[in-house]
Amino acid sequence: MTTILEEINMRTIFYLIRKEFIQIFRNKFISKAIFAVPIVQMLLLVPAVTFEIKNIKLAVIDKDMTPESRGLISKLEGSKFFKVNFSTFSENEANDLLHGNKCTVILNIPSGFGKDIGNGKPGKVLATIDAINASTAELSWAYLSGVIRDYNMDIITENINTTPVIPIPQILVTNRYWYNELLNYKFYMLPGILVILVTAIGLLLAGLNMVREKEIGTIEQINVTPVRKYHFIIAKMAPFWLIGLVDLALGLLIGKLAFNIPFAGSILTMFLGGSIFLIAVLGLALFISTFSGTQQQYMFIAFFTMMIFMLMSGIFTPAESMPMWAQDFNLINPVAYLMRINRMVMLKGSTIHDIRIDLYSLAAIATCFTTLAVSRYRKTA
Amino acid sequence: MDNTVISVHNLVKKFGSFVANDNLSFEVFKGEIFGFLGANGAGKTTAIRILSGLSKPTSGEVNVAGFDTYSQTEQIKRNIGYMCQKFSLYEDLTVKENIMLYGGIYGMKKTLIKERIHELLEKLHFEEYENRLISDLPLGLRQKLAFSVAILHEPKIVFLDEPTGGVDPITRRQFWEMIYETATRGITVFVTTHYMDEAEYCDRISIMSDGKIVALDTPDNLKKQYNAATVEEVFIKIARPNPATPQSRLGGTNTQHHSKLIPPKREQGGQNRDR
Amino acid sequence: MKRFLGFVKKEFMHIFRDYRTLFILFGIPAAEILIFGYAVSTDIKNAGIAIFDLSHDEITLKLTDKIISSGFFKKTETLLNYNDIDKVFKKGKTKAVIIFQEDFGKKLVREGKASLSIIADGSEPNTATLVTNYTLAIVNDFTTDFAGPALNNAIRIIPEVKMFYNPNLKSYYMFVPGVITLILILICALMTSVTITREKEFGTMEVLLVSPLRPIQIILGKVIPYFILSFVNVLVILALSWLVFGLPVKGSIILLLAECMLYILMSLTLGILISTVSQNMQQAIFISLIGLMLPTILLSGFIFPIENMPKIYDYISMVLPPRYFITIIKNIMIKGTGILYIWKETLTLIVMTLVFIGISVKKFKIRLE
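Residues numbered from 1 in each chain as written. Chains lettered and ligands numbered in written order. Predicted model: local features only at pLDDT ≥ 70, side-chain atom pairs only at ≥ 80, totals over all residues.

A. Seen up close, helix α1 (residues 44-51) of chain B. Burial analysis of α1(B) places seven of its eight residues in the buried class, the great majority of the element. Backbone geometry just after α1(B) places Gly53(B) at a positive phi near 85°. (Buried ≥ 20, exposed ≤ 12 C-beta atoms within 10 Å, placed from the backbone. Helix = DSSP H or I, 4+ residues; strand = E, 2+ residues; numbered from the N terminus.)

B. Representation of the sheet that holds strand β5 (residues 157-164) of chain C in the model. With respect to topology, five strands assemble into an open sheet ordered β2(A)-β1(A)-β3(A)-β4(A)-β5(C), the strand pairing being mixed. Strands with a single pairing partner mark the edges of an open sheet, and in this sheet they are β2 (82-88) of chain A together with β5 of chain C. Across the sheet, the axes of successive neighbouring strands diverge by a mean angle of 25°, strand direction being ignored. Helix α6 (residues 134-158) of chain A contacts β1 (56-62), β3 (105-109) and β4 (123-130) of chain A together with β5 of chain C of the sheet and is inclined by roughly 165° relative to β5(C). (Pairing = 2+ DSSP bridges. Axes fitted to C-alpha atoms, helices over the stretch in contact; angles between N-to-C directions. Contact = placed C-beta atoms within 7 Å.)

C. A look at the sheet that holds strand β4 (residues 113-121) of chain C. Taking strand neighbours across the sheet as the criterion, the five strands line up as β5(A)-β4(C)-β3(C)-β1(C)-β2(C) in an open arrangement whose pairing is mixed. Every interior strand has two partners, whereas the edge strands, β5 (170-178) of chain A together with β2 (73-78) of chain C, have only one. On average, each strand axis in the sheet is inclined to that of its neighbour by 25°, with strand direction left out of account. Against the sheet, helix α4 (residues 83-91) of chain C makes contact with β5 of chain A together with β1 (47-53), β2, β3 (94-100) and β4 of chain C, and its axis sits at roughly 160° relative to β3(C), the strand it touches most.

D. Main features of the environment of Tyr134(C). All names here are of chain C. Turning to its location among the elements, Tyr-134 is positioned in helix α6 (residues 125-147). A residue is classified by how many C-beta atoms lie within 10 Å of it, and Tyr-134, with 20 of them, is buried. A C-alpha to C-alpha distance of 35 Å links Tyr-134 and Ile-237, two positions 103 residues apart in sequence.

E. Region of the structure containing the interface of chain A and chain C. Taken together, the contact pairs 96 residues of chain A with 95 residues of chain C. If you list the elements that add at least two residues to the side of chain A that touches chain C, you get α2 (28-45), α4 (91-99), β4, α6, β5, α7 (185-216), α11 (295-312) and α13 (334-348) of chain A. Among the elements that make up the side of chain A that touches chain C, the one with the highest residue count is α6(A) (14 residues). Within the side of chain A that touches chain C, the residues separate by chemical class into 59 nonpolar, 25 polar and twelve charged. (Nonpolar A, V, L, I, M, F, W, Y, C, P; charged D, E, K, R; others polar.)

F. View of the packing of α7(A) against helix α10 (residues 267-289) of chain A. Residues and elements named next belong to chain A. Where α7 meets α10, the closest approach of the two axes is 9 Å, and the angle between their N-to-C directions is 35°. For the crossing formed where α7 meets α10, the hand is right-handed. Here Val-198, Thr-199, Gly-202, Leu-203, Ala-206, Gly-207, Met-210 and Val-211 of α7 lie close against α10, whose contacting residues are Gly-274, Phe-277, Leu-278, Val-281, Leu-282, Leu-284, Ala-285, Leu-286, Ile-288 and Ser-289. A breakdown of the residues in the contact of α7 with α10 according to their chemical character gives 13 nonpolar, five polar and no charged. (Left-handed = near helix turned anticlockwise from the far one by under 90°.)

G. Inspection of the interface of chain A and chain B at higher detail. Taken together, the contact pairs 21 residues of chain A with 23 residues of chain B. Taken together, the elements giving at least two residues each to the side of chain A that touches chain B come down to α1 (2-26) and α8 (218-223) of chain A. Partitioning the side of chain A that touches chain B into residue classes produces eight nonpolar, nine polar and four charged.

H. Region of the structure containing the domain arrangement of chain A. Domains assigned within chain A are domain 1 (15-49 + 184-376) and domain 2 (56-158). For domain 1 of chain A and domain 2 of chain A, the distance between their C-alpha centroids amounts to 46 Å. (Domains from an automatic or database assignment.)

Structure, rendered in structure tokens:
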């Protein structure tokens, strides 16, 4: 008797999963989306999401008009970070440009600049930066100071013969960037986009699917059959778990082929992280679906949740810079974990041992969400 | 008793303070075609949901197919079939895929399922629809198919919730022929309907009103008892809803506009069968 | 007219009965504002830094101390050999490693030159750049103090910086306009497209079409409640930002609200357009969310400046209405400019709205035929 029961169990799940796959692939829209979305997202979004400073529009007010001031300007013109597109004598005009979004930085070289430098006194310049976007403003300032520092060095070495030689203590600083020598932003963002991808598939597509059955009413028919709670749940989650992993693989492939992203660590580790993450997300999707009567409601709640998790996860900004309460929140934020895991494995080659704490926590979250979902999901009223 | 497949004693179902099922007691016997009638809001759907294991009673004893509804719901489910009007089959699956799914869910072996598919398609004369999506089928065919799927696994009882709604008279007749044939095989048919003429062809019917059963007998006996020519008259006489309920229409008002169902052929049988 | 009002009322009822969606509609902006305002930040705070000191003399200790106590960093480890660098980065908590060469102090005093290396974890480019920069600044500072007056000769240019519009470099200056842009297009396009396609899917659209209501009245009836809802949402967001962050509207509020209404109108027409190309709700939701939301967040200049992107994105973002609206809001709210500076963007939005209406009407007519 027991063996027949066991048989029913496994076969039931098998039949249910098969039905799910048939339905998914028969739905022309979804079946296309599953492959189109990763491809489009990767190709379109990855090159775009960058903080790399390029072509910052710079307006120059040169009231000095000396070789020194012109030297500084040409140094800026030669820099790949800035594009000197305006030159004026009037502060008002320059401010106007700033208001009108025609430039982002104004460099004001007052008269007397060259004279001061010639006399051994420091020359002052004033940079005005449109700081609405605080992070690009800071980065622009960092690069601007860098160019000015370089120019500073140029002046010193030029005049090394004319000024008295006093041994000036100098600390020579060299700096290097590891794992991403050229500070290629794509390397940073691609793992992030991958996470968005996998989350979207798990939370949005899968959950919508679950709610649709509820909304249409087919769930009632399943309820009267011997199908047990966990059969139904496994059958709902399994296909999207698989699809999520396939999309992860697809995303990685595109990353490699289109952008030549390095992959320092082990692919298996990546997939391990991804698998556990998907379980967490699918459990969450199921949980949310128990609160939603319609697809629209579900979409909203799920989207809301996804946005919050994503913003807090450190995808665009470093999670460590967040206040303590935010970092505490991230303890239950599965996206934060996958973000870390992906970046560490892909770029630094971190091993399972290195990320073990993240993996354990993710597994705990996955168990938690799924248990919550299963207990809320009732077959009998 | 060996012949009883459903036994209900003092079933009460409350939703808050509203009593949907008020002390129901009745029995259904094996191989019967049992008609379950009542106005909208009388408590029929609630009762069926309890009998099919979808919900639990507030109090009372309910036994279906020999299993207790409180503690053996899963066994009940394995031994019953269910077909509701709203939905039965997955629209985006083909005929064959639906049958395979339900067969598998009820634990039938693959070879057995395949056999049954052939039998079924032959009997219903739609072999060519085997690989058609349900959404492509006309309503009548869908309902017949849904019924066949509901009894695919040879359950002891099949529950039919308004199975012939919206279907043309010829198809209705064919449907009832299927019901008869099923009953002959020993499967009990528990059917609710608004079509009073269909009620005539049940072995016994019960009429619910305001949560209580107000009549339970064979159609003939009821007609004699209430001095009525048709079951419809009986219904109108006793199923008058409480003026307090929002219902002002009786179920089955439309029957006046429907052409009478031509009595379907019925083979030897009825509640006189001995098994 | 009475019929029409009755219809509008019904639409309102639909919306208000759906508590969950309503809650989310107002909850999302509130949550986003709070998160963006308080949690998300691009500043460097508590960045993990590890020290690999081959000298261990008074000077290196002093310099290390200066770096650690700057408030930007948090010391994670002291490294003992070169191989540890890779290991410590792999653990993830350390963002940069500072290496002092051997005999650092001695070399600095006797020869006037000593070497220091900053190795930053390039997998987070922003952090790496800023960490490197801050460290450099601190080192320069230290050198100035250390060298005393002799160093004056080495500094020829003192740059000063004025962070305009946002002197305290608060991240919400950028995010609040972005959130408004996002939320409005979310509510309007998504919800409008869904409410129309739902009628299509459940067949009630036919019922509406055979009623005495004219098609234009049906569309207007569906759209008006969301217009009002979005407008209220804008007011709520503005009030929240003012209360929570003290973010004022520097320019004319009237102009701001007028532009908002234009944008809302545009988003609504976009929603209508989406509904004409979707067969059912699922498609409408999908197109609105994935097709509209992600590009808005990532390609419109909300977080990532368009200038930083490859040239082609400049062209792509030209068809994204949010790009224009973000500029408009930023200008009015934060820069305080008048319409003169943003007339181009405003005009673009108007044109887009008309185009969307035009296409929708055409498609609708085709359907009716």
